[in-house]
Amino acid sequence: MDAADMGTDLEKVLIPEEELQAKIKELAGQIDADYAGRNLLIVGVLKGAVMIMADLARALHIEVQMDWMAVSSYGAGTKSSGVVRTLKDLDTDIAGRDVLVVEDIIDSGLTLSWLIHNLRSRDPASVEICTLLRKPEAVKVPIDVKYVGFDIPNEFVIGYGLDYAERYRNLPFIGTLARHVYGAE
Ligand SMILES: O=P(O)(O)OC[C@H]1O[C@H](OP(=O)(O)OP(=O)(O)O)[C@H](O)[C@@H]1O
Ligand SMILES: Nc1nc2[nH]cnc2c(=O)[nH]1
Ligand SMILES: [Mg+2]
């Protein structure tokens, strides 16, 4: 799916595909350097982080293991409920492991602050965060993030894993939606 397939639903492209891919290579270079000689587990947060996990993992030169958690704090729309639920836990025992949580976006920070707290209670050697996007103006819970792709304005974005009511995850860029798509919300 691309901009042309969206008709009038697309308001604007915020971060084009080439910029995303260049940034992911840059992040991978930093992670390669920081975790050289270690045994890193990267943890993707379903479903939004699927694209960044897939591209980041392939851009890394170090060997990593991959696991997934599914947590949800958002309903069908654009507002966080503030209540985080575990929908799928890790398959891996992370005690003593170096863990890097990979996320698509930090908005309020509620999802990751809950998740990091949850993972730290399992006695890992280290837990760090890599997020493709962050909204500095929206953050309600400050979070220590080691790797950030882009700081973006406080707008609801879609594409590259990020959905609106489960739509538009399969766009290769980050964009914003035209007002008419949200309807009466
Ligand atoms: O910082 P926050 O305000 O908590 O928002 C960020 C989280 O919200 C989205 O996930 P969502 O819960 O919508 O599920 P999804 O990844 O399956 O789309 C996004 O992928 C992050 O995980
Ligand atoms: N699609 C999408 N999901 C989010 N979850 C938290 N913030 C956002 C956002 O801006 N877009
Ligand atoms: Mg998510």
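Computed from a prediction, not measured in an experiment: that's the story for all the values here.

Q: Looking at this model, I keep getting lost on the packing of aromatic side chains. Mind explaining?
A: Each aromatic ring pair is described using two quantities: the centre-to-centre distance and the angle formed by the ring planes. By the definition in use, this model includes 3 aromatic pairs. Between Phe156 and Tyr182 the ring centres are 6.3 Å apart and the planes differ by 80°, which places this aromatic pair in the edge-to-face class. With a gap of 26 residues between them, Phe156 in the loop between strand E7 (147-151) and strand E8 (157-158) and Tyr182 in helix H4 (residues 179-182) connect regions that are remote in the sequence. Looking at Tyr182, the relative accessible area reads 9%, which means it is buried. Counting every residue linked through ring pairs, the aromatic cluster contains Phe156, Tyr164 and Tyr182.

Q: I keep staring at the sheet that holds strand E1 (residues 10-15) and nothing clicks. Help me out?
A: Sheet strands line up and pair through hydrogen bonds in the backbone, either parallel or antiparallel. Reading across the sheet, the 3 strands line up as E1-E9-E8 and stay open at both edges, with antiparallel pairing between neighbours. The sheet is open, and its two borders are formed by E1 and E8, each paired with just one other strand. Here E8 runs beside strand E9 (residues 174-177); their pairing, made up of 2 bridges, is antiparallel. For Val157, the partnering residue across the bridge sits in E9 and is Thr176.

Q: Looking at this structure, how should I read the side chain of Glu103?
A: In this fold, Glu103 is placed in strand E5 (residues 98-106). The side chain of Glu103 is buried and forms no salt bridge, while Arg169, the nearest opposite charge, is found at 8.9 Å. Apart from the residues lying within four places of it in its own chain, the contact partners of Glu103 are Val45, Ala49, Ile52, Thr111, Leu112, Cys130, Thr131 and Leu132.

Q: How should I be thinking about the site of ligand 1 in this particular structure?
A: In the vicinity of ligand 1 there are 17 residues, among which Glu103, Asp104, Ser108, Gly109 and Thr111 approach most closely. Glu103 has a polar side-chain atom sitting 2.5 Å from an oxygen atom of ligand 1. Between ligand 1 and Thr111 there is a distance of 2.5 Å, counted from an oxygen atom to a side-chain nitrogen or oxygen. Put simply, the parts of the chain that give the shell around ligand 1 at least two residues each are strand E3 (64-74), E5 and helix H3 (110-120). For the shell around ligand 1, the leading source of residues is E5, giving 4 residues. Considered class by class, the residues forming the shell around ligand 1 number 5 nonpolar, 6 polar and 6 charged.

Q: How should I be thinking about a negative patch on the surface in this particular structure?
A: A surface patch of negative charge is lined by Asp2, Asp5, Glu17, Glu18 and Glu19. Counting through the fold element by element, Asp5 comes out in the segment before E1. You can call Asp5 exposed: its relative accessible area is 52%.

Q: Help me understand the pairing of E5 in this model?
A: As a general feature of sheets, a regular strand has side chains that alternate between the two faces. Burial analysis of E5 places 9 of its 9 residues in the buried class, which makes it a mostly covered element. Pairing geometry for strand E2 (residues 40-46) and E5, over 5 bridges, is parallel. Within E5, the position partnered with Gly44 by the bridge is Val102. Between the parallel elements E5 and strand E6 (residues 126-134), the chain passes through H3 in a crossover that is right-handed.

Q: Before we go on, may I ask you to explain H3 in this structure?
A: Note that an α-helix has 3.6 residues per turn; residues three or four places apart therefore point the same way. Looking only at H3, the buried set comprises Thr111, Leu112, Leu115, Ile116 and Leu119. The arc that holds the buried residues of H3, viewed along the axis, is 115°, so those residues lie on one side.

Q: What's the story with unusual backbone geometry in this structure? I'm lost.
A: With the exception of glycine, most residues fall at negative phi, and the peptide bonds are largely trans. Going from Leu46 to Lys47, the amide bond is cis rather than trans, its omega being -5°. Looking at the element boundaries, Lys47 is found in the loop between E2 and helix H2 (50-59). With a phi angle near 60°, Asp123 is a residue other than glycine that sits in the positive phi range. Within the secondary structure layout, Asp123 lies in the loop between H3 and E6. By relative accessible area, Asp123 is classed as exposed at 58%.

Thresholds, definitions, all that
- Residues numbered from 1 in each chain as written.
- Chains lettered and ligands numbered in written order.
- Predicted model: local features only at pLDDT ≥ 70, side-chain atom pairs only at ≥ 80, totals over all residues.
- Heavy atoms only, no water.
- Phe/Tyr/Trp six-rings, centres within 6.5 Å; stacked < 30°, edge-to-face > 60°.
- Helix = DSSP H or I, 4+ residues; strand = E, 2+ residues; numbered from the N terminus.
- Buried < 20%, exposed > 50% of the residue type's maximum accessible area, 1.4 Å probe, protein only.
- Pairing = 2+ DSSP bridges.
- Lys, Arg positive; Asp, Glu negative; His and termini not counted.
- Salt bridge = Lys/Arg side-chain N within 4 Å of Asp/Glu carboxyl O.
- Contact = heavy atoms within 4.5 Å.
- Near = heavy atom within 4 Å.
- Polar contact = N/O pair within 3.5 Å; in protein donor to acceptor, adjacent residues only side chain to side chain.
- Nonpolar A, V, L, I, M, F, W, Y, C, P; charged D, E, K, R; others polar.
- Patch = residues over 30% accessible without salt bridge, like charges linked within 9 Å, V, L, I, M, F, W, Y side chains within 5 Å.
- Areas by Shrake-Rupley, 256 points an atom, 1.4 Å probe, with all protein chains shown as cover.
- Charge placed at Lys NZ, Arg CZ, Asp CG, Glu CD.
- Right-handed = clockwise from strand over helix to strand, strands pointing away.
- Arc of directions from axis to C-beta.

Fair warning: the whole summary comes from geometry, so function is off the table for now.
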